[in-house]
Amino acid sequence: MAEAGERRIGWAARSMPVLEAIGAGFAQDRPLDGLRIAACLHVTAETAVVMGALKAGGAEIALAASNPLSTQDDVAAALSTYGIAVHARAGVDRDTYYRHIHRALDIAPNIVLDDGCDLVNILHTERVELLDEVIGGCEETTTGIIRLRQMAAEGALRFPMVAVNDTRTKRMFDNRYGTGQSTLDGIMRATNILLAGRTVVVAGFGFCGRGVAERAKGLGARVVVTEIDPVKALDAALQGYDVQPMWRAAEIGDVFVTVTGNRDVIRAEHLAAMKDGAILANAGHFDVEIDVRALEEMAQTVHFGIRPNTDEYVLENGRRLLLLAEGRLVNLSAAEGHPAAVMDMSFSAQALAVAWLAQEAVRLTPGVYDVPAEVDFQVARLKLGAAGITIDALTSEQEDYLHSWRVGS
């Protein structure tokens, strides 16, 4: 399958000029010489491009999948021919998923890259003998950052982690535009439904939820937002969305999308209120946002694979609820994840953060760190340049004005 994987990687790389440029610079400067990197990421064509950049920088890499349904087997095959150890296969069970993470950790990494904090969690609970080798790492997701901050608050985190997810380029473009488009892409591929005229319930109005809501609204759907944060709820209301609690939205929704990073957002009482044919999709990192176990207990019959990535649960009263991608990330399980042009920025920030860590980790204590602002600006400048876009620059007088408190009106 490697030849097909190489074609897929090449296609993605065409839309990732920033990361390609960074990789070329890494090949010249070799900032990662002698370092071992263990990564737990979605094994996709876009991930392959960043793995290539890190390898060009001198790193030895072992890669495991952060989701068993998102692995592109042809990409995994191609990466293995590049000298990158890949421990991933599409559709593996939970035990094999964790076994693959352990195999990636067998490299005894100096730097870790995580997507959801599973690898870091295993390091701190089951592979503690490797902790002294680790100088730091990067986390790509909101869910992972939540877990890392809790570890840091409890004094459990043993090395510095960079919150790549929290960069402006990542939140604004990856979370909003990438998740928004790819989530609806996954829903439409799995079901082939027309969204125009449907009621789409979006649980969570962070950057990801905002993107899903915007894209659904643009396709003609009526969008209902559920939230627990009063500021985000107010933001959604002022943007024209109907804001309701889930117990009320459950009665009117045609499509439900969870994007919160928390568990049991859709529970048994919500499932019991849903109309016949309601579609359940999750775009949060883990498969805990929809209570799938409750759905299984409520169902009298389950028609698995009624369509690709679509299972039909028939309840006692004959109502049918459609669960997409087993409640896992619908945009990566039923579609191909974010467009490469979006991942160009996210993975560029991650590659530069790894190089920064390699240089600065010795001066950092365990904790969660923001990506240096200059990295964010560098990625944005490179992306603008690749798109042929120029912007204004401050004059010296404007610089002086912004740095002076003496000049008033």
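Coordinates for the structure precede this section.
Keep in mind it's a predicted model, so treat the numbers as computed, not measured.

**Q** What am I meant to see in the overall build of the protein chain here?
**A** If you tally the helices and strands in the protein chain, you get 17 helices and 15 strands. For the protein chain, the spread of C-alpha atoms along the three principal axes comes to 65 × 65 × 45 Å. Looking at the protein chain as a whole, 54% of its 409 residues qualify as buried. In the protein chain, the share of contacts with a sequence separation of at least 24, taken over all contacts with a separation of at least 6, comes to 70%.

**Q** How do you make sense of the environment of Ala203 when you look at a structure like this?
**A** Residue position: Ala203 is located in strand β7 (residues 199–203). For the pair Ala203 and Val259, spaced 56 residues apart in sequence, the C-alpha to C-alpha distance is 5.7 Å. Residues in contact with Ala203, not counting those within four places in the same chain, are Thr226, Met246, Val257, Thr258, Val259, Thr260 and Val265.

**Q** How should I be thinking about the pairing of strand β5 (residues 136–139) in this particular structure?
**A** By the alternation rule, side chains of β5 split into Gly136 and Cys138 and Gly137 and Glu139, which are all buried. Relative to β5, strand β4 (residues 111–114) runs parallel, the two being bridged by 4 bridges. Within β5, the residue paired with Ile111 across the bridge is Gly136. With respect to chirality, the unit in which β4 leads through helix α6 (residues 118–125) into the neighbouring parallel β5 is right-handed.

**Q** In this structure, what is going on with the environment of Gly204? I would like to understand it.
**A** Turning to its location among the elements, Gly204 is positioned in the loop between β7 and α9 (207–218). Looking at Gly204, the relative accessible area reads 6%, which means it is buried. Sequence separation of Gly204 and Val257 is 53 residues, and the distance between their C-alpha atoms is 8.8 Å. For Gly204, the contacting residues outside a window of four places in its chain are Gly209, Thr226, Glu227, Val259 and Thr260.

**Q** When you look at the sheet that holds strand β3 (residues 85–87) in this model, what are you seeing that I'm missing?
**A** With respect to topology, 7 strands assemble into an open sheet ordered β3-β2-β1-β4-β5-β6-β15, the strand pairing being parallel. Whereas interior strands pair on both sides, the edge strands pair on one side only; in this sheet they are β3 and β15 (367–370). In this sheet, neighbouring strand axes are inclined to one another by 20° on average, regardless of whether the strands run parallel or antiparallel. Strand direction decides the pairing type here: strand β2 (residues 60–65) and β3, joined by 3 bridges, are parallel. By the bridge assignment, Leu63 is partnered in β3 with Val86. The sheet strands contacting helix α3 (residues 45–56) are β1 (36–41), β2 and β4, and the helix crosses β2 at an angle near 160°. Packing of helix α5 (residues 94–105) onto the sheet brings it into contact with β1, β2 and β3, and relative to β2 it is tilted by some 170°.

**Q** Even after reading the chapter, I still don't get the pattern of salt bridges, so can you show me in this structure?
**A** When the charged atoms of two side chains with opposite charge come close together, those side chains can pair. Across all of its chains, the model carries 27 salt bridges by this definition. For Lys170, the salt bridge goes to Asp174, with nearest N and O atoms at 3.5 Å. Within this pair, Lys170 and its partner Asp174 are both found in helix α8 (residues 168–191), separated by 4 residues, close to a single helical turn. On the accessibility criterion, Lys170 (4% relative accessible area) is buried. Overall, the relative accessible area of 3% leaves Asp174 in the buried class. Among the salt bridges present, the one from Arg381 reaches Glu374, with a minimum N-O distance of 2.4 Å. For Glu374, a relative accessible area of 45% puts it in the partly exposed group.

**Q** Is there a simple way to explain helix α7 (residues 142–153) in this structure?
**A** Count 3.6 residues to each turn of an α-helix, and residues three or four apart come out pointing the same way. Over its 12 residues, α7 extends 17 Å from the first C-alpha to the last, a length consistent with the 16 Å expected when each residue adds 1.5 Å. For α7, the full list of buried residues reads Thr143, Gly144, Ile145, Leu148 and Met151. Where the residues of α7 are buried, they touch α6, β5, β6 (160–163) and β15. Count one or two residues on from α7 and you reach Gly155, which has phi positive near 75°.

**Q** What exactly am I supposed to notice about a nonpolar patch on the surface here?
**A** Taken together, the side chains of Leu394, Tyr401, Leu402 and Val407 make up a nonpolar region of the molecular surface, amounting to roughly 420 Å² of accessible area. Summarising the element assignment, Leu402 is placed in helix α17 (residues 396–402). A relative accessible area of 57% means that Leu402 is categorised as exposed.

**Q** Please clarify how the packing of helix α1 (residues 2–14) against α3 should be interpreted in this entry.
**A** Packed helix pairs are specified by the crossing angle of their axes together with the interaxial distance, meaning the distance between the axes. Axis separation between α1 and α3 bottoms out at 8 Å; the angle between their running directions is 80°. One finds that α1 runs roughly perpendicular with respect to α3. On α3, the residues that touch Arg8, Ile9, Ala12 and Ala13 of α1 are Ala45, Glu46, Ala48 and Val49. Per-class residue counts for the contact of α1 with α3 are 6 nonpolar, no polar and 2 charged.

**Q** It is not clear to me how the sheet that holds strand β8 (residues 222–226) should be interpreted in this structure. Could you clarify?
**A** Either a parallel or an antiparallel arrangement is found when strands of a sheet pair, and the pairing is made through backbone hydrogen bonds. One open sheet accounts for 8 strands, arranged β9-β8-β7-β10-β11-β14-β13-β12; its pairing is mixed. Across the chains shown, the open sheet's two edge strands, defined by having one partner strand only, are β9 (242–243) and β12 (299–307). Strand direction decides the pairing type here: strand β10 (residues 255–258) and strand β11 (residues 278–282), joined by 4 bridges, are parallel. Bridging across to β11, Val257 finds its partner in Ala281. The strands touched by α9 within the sheet are β7, β8 and β10, with β7 carrying the most contacts at an inclination of about 170°.

Reading the values: rules and limits
Residues numbered from 1 in each chain as written. Predicted model: local features only at pLDDT ≥ 70, side-chain atom pairs only at ≥ 80, totals over all residues. Heavy atoms only, no water. Helix = DSSP H or I, 4+ residues; strand = E, 2+ residues; numbered from the N terminus. Buried < 20%, exposed > 50% of the residue type's maximum accessible area, 1.4 Å probe, protein only. Contact = heavy atoms within 4.5 Å. Pairing = 2+ DSSP bridges. Right-handed = clockwise from strand over helix to strand, strands pointing away. Axes fitted to C-alpha atoms, helices over the stretch in contact; angles between N-to-C directions. Salt bridge = Lys/Arg side-chain N within 4 Å of Asp/Glu carboxyl O. Expected span 1.5 Å × (residues − 1). Patch = residues over 30% accessible without salt bridge, like charges linked within 9 Å, V, L, I, M, F, W, Y side chains within 5 Å. Areas by Shrake-Rupley, 256 points an atom, 1.4 Å probe, with all protein chains shown as cover. Parallel < 35°, antiparallel > 145°, perpendicular 65-115°, else oblique. Nonpolar A, V, L, I, M, F, W, Y, C, P; charged D, E, K, R; others polar.

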